[in-house]
Each structure stands twice: as structure tokens, then as C-alpha cells.
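A structural walkthrough
If you want the building blocks of each chain, they are given just below.
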Amino acid sequence: LVDISAFDREEISCLAYGVGHGEEGVCLLVQMGPYRVLLDCGMADIAPLLDADRRPCCDLVICTHAHRDRARGLLYLHRAAPHLPIYSSEVTSQLLPLNWLEESEPIPHFAQALPWQCAVEFQDGLVAELFPAGHLPGAAAVLLTYTSPQRVYRLFYSGDFFLSNSRLVEGFHLETIRNLQPDVSIIESNYGTSRHAHRRQQENNLMARIDAALARQQSIVFPLDTIGIAQELLILLRSHHLFTGRDVDIWVDGAIAVGCDNYLELISSFPPSIQNFARHQSLFWDEKVRPCVRRWQESSELGTAPCIILSDRLQPLDRDRLDRLQPLLIFVPEGVSLPGNLPSDFQIETYLLAEHSDGGGTTQLIHNLRPKHVMFVAGDRNYIQDLTALEELQNRYHLHAPSAGTLVPFPIGDTFIQPAPPIDPHYEGELTELDTTIEISLPHALANDSRWHNFSDTGTIEARWQGNEIVLRGISQRELIQQDRYRTARANDRVESCANCRYQRGYRCHQESSPLYTFKVPFDGYCPSFEFLSPSNP
Ligand SMILES: [Zn+2]
């Protein structure tokens, strides 16, 4: 239990009930002057948020967006304290009930909608303003301002944010928050310091991989959350040139189908391109315009042609149905731990369709804000450590990376305490150049990191140049199998596939005109830019 008595002494402080590690969800209690504001309520158990008389710990709640890891405790908090005001954006207030589809009673729209970019005064001197944050329709970043007789205190909370445009929601506009100079910024860090290709490239890559799987007669299952990537994927499949007009069935399962229905009520809040699309054809459900998108029901007939299924991530996959779909490929998002219910005997591949900003986007947001303190939440602990180790951040801001149950004071003004420097993630090694090989020895401490296990899994590594530096990467079991397939495919050198293409080097595509450019390509991938490896071939 956290000692809350220490809470009042600092001018701004944050009690982190949940910081979003693993399945924990995000829930932060912020104290500004005399007020306590709860930012998000992603905890499954809300007991810590109530005192012995079951009074809530806060004066009001702001929910940034309708994802489960930010919202799932809200209904129970609302039931325990019906008079506690809960605020969100208009779209979020409409999407929130999707988090409790298992409840037998109808879920009221208990969150009060706040307008975008309009400062709303809740209590004397306490003001909040919401900014569209990309990531998910309705997702908001929050600026809290408290004005005391002495000074103005400001805290910015990013929620989940994404600078790039997605299909159904525009990216976060940095100019809306440029130079805010808040005292404190609480920033999500789901992708740590990783770097991603442009979002459009990710989309093209995924579409090409789906295309290749269908060409191999494989059906594809995507286990997904109720809202977000599922609807993005449906719009992509219905509008991408590889799929428009194509005779392939797309089935949508369980809660995701309800999520689609909810989205249909929100069309006026979507980007103009989507509103325009919706004027000419149905956004999701379509039996006439191909590819057909249908709601999966028990009675649905799968047919014999390969199909695409979007299935509820939290529901166990129906083994009988999967068997009927063989040969089958299960696509899971990169970096997300595999759902425990995935059958191990199916072919599983990962893909990236980012819904958060990468390391570059995260630092860009922070530099644009110019805060005094930065606190990181959400995402893997190692990823957060990578961010707090960045010199460009360490030199300019006071960095915090609390674990759940920690009280974080943000000293403001002259009484500044320099936080302890984070652990240095650099390792010094030795290089020995032998006749035919090069040996690099590194200190064993490197293996103490929880990421080591994945890195060293097969004992095979890949090295590549990045500017004047060499980057090392562990090769996974799955990739080794893939490489084997590559070798077999290459032996059969009359087949037109990435394995035999002159533009494929190191399993990546080097043809700029290809939709697969810079991506890792499957051995049996294909695109119109294909050319045989050696000119003597057909
Ligand atoms: Zn989210």
C-alpha cells in the first residue's frame, strides 16, 4: 500500500496506481494544489481507489481513450461513486461501453463529453483541455492547469498518441502543443526507442503479405482488440489496390463486430476521406462490393476458398473452426506477447501496423512540449529504460519511470533535486580479428537483461551496418525455419518469388518501386517489380 500522507507536500505529484506494464493498465492519481484528478482507470480491481468509507480518492476522472488498458475499471468506479464526474472526449464517451459487453445490464453513457481544444474550468482554478492525439478515434491528450494565488501549474498527459495519420483517425498535430512548457509531462512509451518505417509502408507490407498467403491458399486469422487495429485493417482491405474488387471473404467475430457497429455511428468524426468513402459504399458490412465483409455467426458457412478472419483477442480461438480453415496463418502484432490461447501447431507470424509513435516520435513530442519533468508510463520496462537512457532527454529534462504503487513528487521552482542518473546501457567489449572470422567478446552482464533470452534463443545472430556502426540482432526459431524455406525455394530457381528475385538481399527488398521496399520479405512473396536473380533464368 502507498503512503498517501506524503502526497500533499509537493506542489504537483503523481501516485501511479497502474503504469501499464504487461496487462496491468494505466491509472494515475495527480495532485495539483488542493485537487486530485484521476487520469485513466485501466485497473481491473478498483478497490485501491476507494477509502474505508468507499469514497473515491479523487475529485474527478479524465479518461483519455476507450482502450481497455485505460478504461476497464471506469464502470465499477462509476457504480461505486455515481456522483464522481468522469470526463472524456465525445467519441470516447460513445465507445467506452464496448469495454463491458459481458455485462447483462445496458451500460449508460456515464462519461461527460468535453469539446476539443477548449479550456474547461471544473473547479476554482482547475482547468482541463483535450487535444486530439491520433492513435484511436476519440483519443485525447490532456492539459491540466491549476492556478494558485502564487503561480500557474501545468501538467500534460499524452494518453496513447500517434503522430502519423491512420485510416480512421488523423495523427496528433504537434503544433497544437508546441512550446507549452508544462511543469510535468506524462508520456506513453509503448515502442520505447524503436524506429519504424513510414505507416503507409507498413500498410503496404502487410497487404502484400496477406496477398502472398492467400496465393498460397492459406486462410488468415488476426486475433485483435475490440476497436483500433481491427477497423483499420477492414478499411485497408476494402480500399487497398491489392484487394478492391477481389473475391475473398472477410469474417468479423464477436466484440469486434459490435465495435464496427459503434464506429458506424461516429462517421461524422472520421477523416474526410473516410466520410467520402462511406457516402459511396458501406464502411464495413458489405455483401455486394468485394471483398465481402460479414459478421461471423455460428451458422456461417466458411466455404472452401481461403478467407480472412478478424477474431476477438480475448476469446479463446475455436479449435474446430481453425482446423476447418487449414492451411492457416495466424498474424499477431509485433511486440505484443502472444495470447496464451494460441494453438502452437499453427503457423504464426508477426506484423507491424503501428498505433503509437516510435522512439523518434516520442522524443519529438517531448522536445516540442519543453517540459521540466518527464514521466514515462505504458510499455515494456526495458523500453522505458532505453528512453530514460537517451542523452538528448537526460540533458534537458528530469526523467521519471515509476513502477506501479509509487508516489512521484515533481519538485518545482528552486528546490530542485537532480534525479539519480539511470543505468548506463552501454557495454564495452573486445574485438579479435582472426584469419577467417571476427570474434567480439562482451561482458556477461549483458545477459542479465530480460531481453537476452529472446536475443540468444537460437545462438544465431545477424550483423548489419548502420552508418559507421554495426547492429547485432538475434535470429529467432521462426526466422531460421523461414531461411530454410528460402534455401529450398531458391534451389527451385524457375519460380517467380522473393527468394529468386534480384532485388532481395538479406531477406529484404531493395527495389524502391516495390511496395515491399526495405521490408523483410517472405520466401514465397511476389510483387510486380520481380526480376529473376540471374539473367540466365527465364
Ligand atoms: Zn490505446
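Structure: see above.
This section reports on the structure supplied with the text. Here the structure is a predicted model, which is why all the values come from computation and not from measurement.

1. So, the coordination of the zinc ion
Around the zinc ion, the protein contributes the donor atoms His65 (NE2), His67 (ND1), His135 (NE2) and Asp160 (OD), which lie 2.1 to 2.3 Å from the metal centre. Its four donor atoms give the zinc ion angles of 91 to 165° at the centre, a pattern that matches the irregular case. For the zinc ion, the single-chain donor residues occur in sequence as H-x1-H-x67-H-x24-D. Separated by 93 residues along the polypeptide, histidine 67 in the loop between β4 (60-62) and α1 (68-71) and aspartate 160 in the loop between β10 (152-157) and β11 (184-188) bring together distant segments of the chain. In this structure histidine 67 comes out as buried when scored by relative accessible area, which is 9%. Residue classification places aspartate 160 among the buried residues on the basis of a relative accessible area of 2%.

2. Focus on the state of the cysteines
Throughout the structure, instances matching the rule amount to zero disulfides. Of all cysteine sulfurs, the one in cysteine 41 lies closest to cysteine 63, which takes part in no disulfide; the gap is 8.3 Å. Among the residues examined, cysteine 63 registers a relative accessible area of 1% and is labelled buried. You can see cysteine 509 has no disulfide; the closest cysteine sulfur is in cysteine 527, sitting 5.8 Å from it. Taking the relative accessible area as the measure of exposure, cysteine 509 reaches 9% and is therefore buried.

3. Thoughts on the pairing of strand β23 (residues 461-466)
For a regular strand, side chains alternate in direction, first toward one face of the sheet and then toward the other. Direction of pairing for β23 relative to strand β24 (residues 469-474): antiparallel, over a ladder of six bridges. Looking at β24, one finds that arginine 464 is bridged to valine 471. Between β23 and β24, which follow one another and run antiparallel, lie two residues, and glycine 467 among them has a positive phi close to 60°.

So, how was this worked out
Residues numbered from 1 in each chain as written. Predicted model: local features only at pLDDT ≥ 70, side-chain atom pairs only at ≥ 80, totals over all residues. Heavy atoms only, no water. Donors = N, O, S within 2.8 Å, 3.2 Å for Na, K, Ca; no water. Tetrahedral: all angles 85-135°; square planar, octahedral: opposite > 155°, others 65-115°. Helix = DSSP H or I, 4+ residues; strand = E, 2+ residues; numbered from the N terminus. Buried < 20%, exposed > 50% of the residue type's maximum accessible area, 1.4 Å probe, protein only. Disulfide = S-S within 2.5 Å. Pairing = 2+ DSSP bridges.

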